[in-house]
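The chain contents come next:
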Amino acid sequence: MAFDLRPQGAAEPWRVFVYVPPGTPPASGWPLLAITDGNAMIATAVDAVRVQGAYPDATNVEPGVVAAIGYPTEAAYDSLRRSFDLSPPPGRTYPPFTEGGPTVRTGGADGFRRFVETDVLDAVARLAPIDPARRTLFGHSFGGLFALHALFSGTGAFSRFVAASPTIYWEDGVLLDAEERFRTRSAREGTVVHLSAGEYEGDALAPFQYGREDTEKRRAAARSVRTLDLTRAMAARLAKLPGLRVECETYPGETHMTMLPVSVSRAVRVAFEARRP
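Residues numbered from 1 in each chain as written. Predicted model: local features only at pLDDT ≥ 70, side-chain atom pairs only at ≥ 80, totals over all residues. Heavy atoms only, no water.

Colleague: Got a minute to help me understand the overall build of the chain in this structure?
Modeller: Within the chain one finds 9 helices and 10 strands. For 277 residues, the compact-globule estimate of 2.2 N^0.38 gives 19 Å, and the C-alpha radius of gyration of the chain, at 18 Å, lies within 12% of that figure. With respect to the three principal axes, the spread of C-alpha positions in the chain is 55 × 40 × 40 Å. Restricting the contact set of the chain to residue pairs at least 6 apart, pairs at least 24 apart contribute 74%. Carbon and sulfur atoms provide 52% of the accessible area of the chain, an area that totals close to 13000 Å². Counting 31 positive and 32 negative side-chain charges, the chain places the centres of these two groups 3 Å from one another. (Helix = DSSP H or I, 4+ residues; strand = E, 2+ residues; numbered from the N terminus. Rg over C-alpha atoms; globule rule 2.2 N^0.38 Å. Contact = heavy atoms within 4.5 Å. Areas by Shrake-Rupley, 256 points an atom, 1.4 Å probe, with all protein chains shown as cover. Lys, Arg positive; Asp, Glu negative; His and termini not counted. Charge placed at Lys NZ, Arg CZ, Asp CG, Glu CD.)

In structure tokens:
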């Protein structure tokens, strides 16, 4: 199901896609996977839950509820709004994406986080019982940046965070300041942090990207963004903190954009990890 949600004071609504598995929920409620960039992610996530959740002995995955937050558009992304929603403050102003278009603004992650933690979670709870101890936040790229920002903000709404190909470098690494503050506090015991990046998000491009007109431009961009290196380095730092269970994976053969299906599948496994007697 999908519905539009506009909290009081918001200029535009968000579209929330929700999947509730069939059957009787656990006594404590269903585990929940909340996903950013919902338009692009929901179909893959639902298929992954339906298939993996049906064979827990082979997948170690139980059924659960998926709530994917997106926008009222038929496109995979609303680039303008996600630029603002998913990026940490203080934010900046950039030229329009297209000639004559609106100015691009960033820095709205705190407001979007409050929307997810209150309006979205309340709306989902009215549709299905949710286990408050088993809520996972997942995002890819800017969504990964947002998931880490939420973690470092000290949110109590989620106990698991999955950040795939996070744009850690963004705006001079403003996220790293939040991480440094986070590392001075005590993390909630049992918090799970799963970080990942593709093999071709480092110095090496994918084989098909060599010998093209934009090869050198792509290589220069990869060296500037450094997604793979920054992700691994952050995982190593966080792994030293008590209370956190940190996992970090590099997916062979994947680029920034081909990461989507494999990272969605992994997020399902993290969020709906089967409870054993």
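Colleague: What should I look at first to understand the pairing of strand β2 (residues 14-19) in this one?
Modeller: Looking along a regular strand, one sees side chains alternate from face to face of the sheet. Here β2 lies mainly inside the structure; 5 of its 6 residues are buried. Examined bridge by bridge, strand β1 (residues 2-5) and β2 share 4 bridges and lie antiparallel to one another. Each residue of the ladder has a partner; that of Phe3, found in β2, is Val16. Across 5 bridges, the pairing between β2 and strand β4 (residues 65-70) is antiparallel. (Buried < 20%, exposed > 50% of the residue type's maximum accessible area, 1.4 Å probe, protein only. Pairing = 2+ DSSP bridges.)

Colleague: So what exactly am I meant to see when it comes to the pattern of salt bridges here?
Modeller: When the charged atoms of two side chains lie near each other, side chains of opposite charge can form a pair. One pass over the full model with this rule turns up 16 salt bridges. In the salt-bridge network here, residues are joined through shared partners; they are Arg160, Arg245, Glu247 and Glu273. (Salt bridge = Lys/Arg side-chain N within 4 Å of Asp/Glu carboxyl O.)

Colleague: I tried to follow the packing of helix α1 (residues 38-53) against helix α9 (residues 259-271) on my own but got confused; where do I start?
Modeller: How two helices sit against one another is set out by the angle between their axes and by the gap between those axes. Where α1 contacts α9, the two axes come as close as 9 Å, and the packing angle between them is 50°. Our classification of the angle between α1 and α9 gives oblique. Read as a crossing pair, α1 and α9 show a hand that is right-handed. Contacts from Met41, Thr44, Ala45, Ala48, Val49 and Gln52 in α1 reach Leu260, Pro261, Val264, Ser265, Val268 and Arg269 in α9. (Axes fitted to C-alpha atoms, helices over the stretch in contact; angles between N-to-C directions. Parallel < 35°, antiparallel > 145°, perpendicular 65-115°, else oblique. Left-handed = near helix turned anticlockwise from the far one by under 90°.)

Colleague: I keep staring at the environment of Pro166 and nothing clicks. Help me out?
Modeller: Looking at the secondary structure, you find Pro166 in the loop between β8 (160-164) and α6 (170-182). Its relative accessible area of 0% is what places Pro166 among the buried residues. Between the C-alpha atom of Pro166 and that of Phe142, which follows or precedes it by 24 residues, the distance is 6.2 Å. Ignoring any residue separated from it by four or fewer positions in sequence, one finds Pro166 in contact with Ser141, Gly144, Leu145, Leu148, Leu195, Ser196, Thr227 and Thr231.

Colleague: Even after reading the chapter, I still don't get the sheet that holds strand β10 (residues 244-251), so can you show me in this structure?
Modeller: In a beta sheet, neighbouring strands are held together by backbone hydrogen bonds and run either parallel or antiparallel to one another. Read from one edge of the open sheet, 8 strands run β1-β2-β4-β3-β7-β8-β9-β10, paired in mixed fashion. On the outer flanks of this sheet lie β1 and β10, each paired with one strand and no other. The average angle at which neighbouring strand axes cross in this sheet is 20°, direction not considered. Both β8 and strand β9 (residues 191-198) contribute to a ladder of 5 bridges, which runs parallel. Paired with Phe161 across the two strands is Val193, which belongs to β9. Along the sheet, α1 contacts β2, β3 (30-35), β4 and β7 (130-140); its crossing angle with β4, the most-contacted strand, is approximately 170°.

Colleague: Quick question: what am I supposed to make of the nonpolar core here?
Modeller: Counting residues in hydrophobic clusters, the biggest one holds 49 residues, and the most contacted among them are Leu148, Phe152 and Leu238. Not counting chain neighbours up to four residues away, the residues in contact with Leu148 comprise Ala163, Pro166, Ile168, Leu175, Leu195 and Met234. Ala45, Ala48, Phe138 and Phe272 belong to the second largest nonpolar core, which has 26 residues in total. (Core = buried A, V, L, I, M, F, W, Y, C linked by side-chain atoms within 4.5 Å.)

Colleague: Can you walk me through the packing of aromatic side chains in this structure?
Modeller: By convention here, two paired aromatic rings are described through the distance between centres and the angle between planes. Per the counting criterion, the structure on display carries 9 aromatic pairs. Aromatic side chains Phe112 and Phe115 sit 6.2 Å apart centroid to centroid with 35° between the ring planes, which places their arrangement in the tilted category. Taken as a pair, Phe112 and Phe115 lie in helix α4 (residues 109-127) at a separation of 3 residues, close to a single helical turn. Of the residues examined, Phe115 reaches a relative accessible area of 4% and is grouped as buried. Seen in terms of ring centroids, Phe152 and Phe182 are 5.2 Å apart; in terms of plane orientation they differ by 45°. Their pairing is tilted. Highlighted residues: Phe152 in helix α5 (residues 142-152) and Phe182 in helix α6, separated in sequence by 30 residues. The pair Phe152 / Phe182 is uniform in exposure class, with both members buried. Feature note: the residues Trp14, Phe112, Phe115 and Phe146 constitute an aromatic cluster, connected by ring pairs. One residue, Arg81, lies across the ring of Trp14, its end atom 5.0 Å from the ring centre. (Phe/Tyr/Trp six-rings, centres within 6.5 Å; stacked < 30°, edge-to-face > 60°. Lys NZ or Arg CZ within 6 Å of the ring centre and 35° of its normal.)

Colleague: I keep staring at the environment of Val124 and nothing clicks. Help me out?
Modeller: Looking at the element boundaries, Val124 is found in helix α4. Note on Val124: relative accessible area 1%, which makes it buried. Remark: the alpha-carbon pair of Val124 and Leu5, spanning 119 residues in sequence, is separated by 11 Å. Those residues in contact with Val124, other than ones at most four positions away along the chain, are Val18, Leu32, Val65, Ala67 and Ile130.

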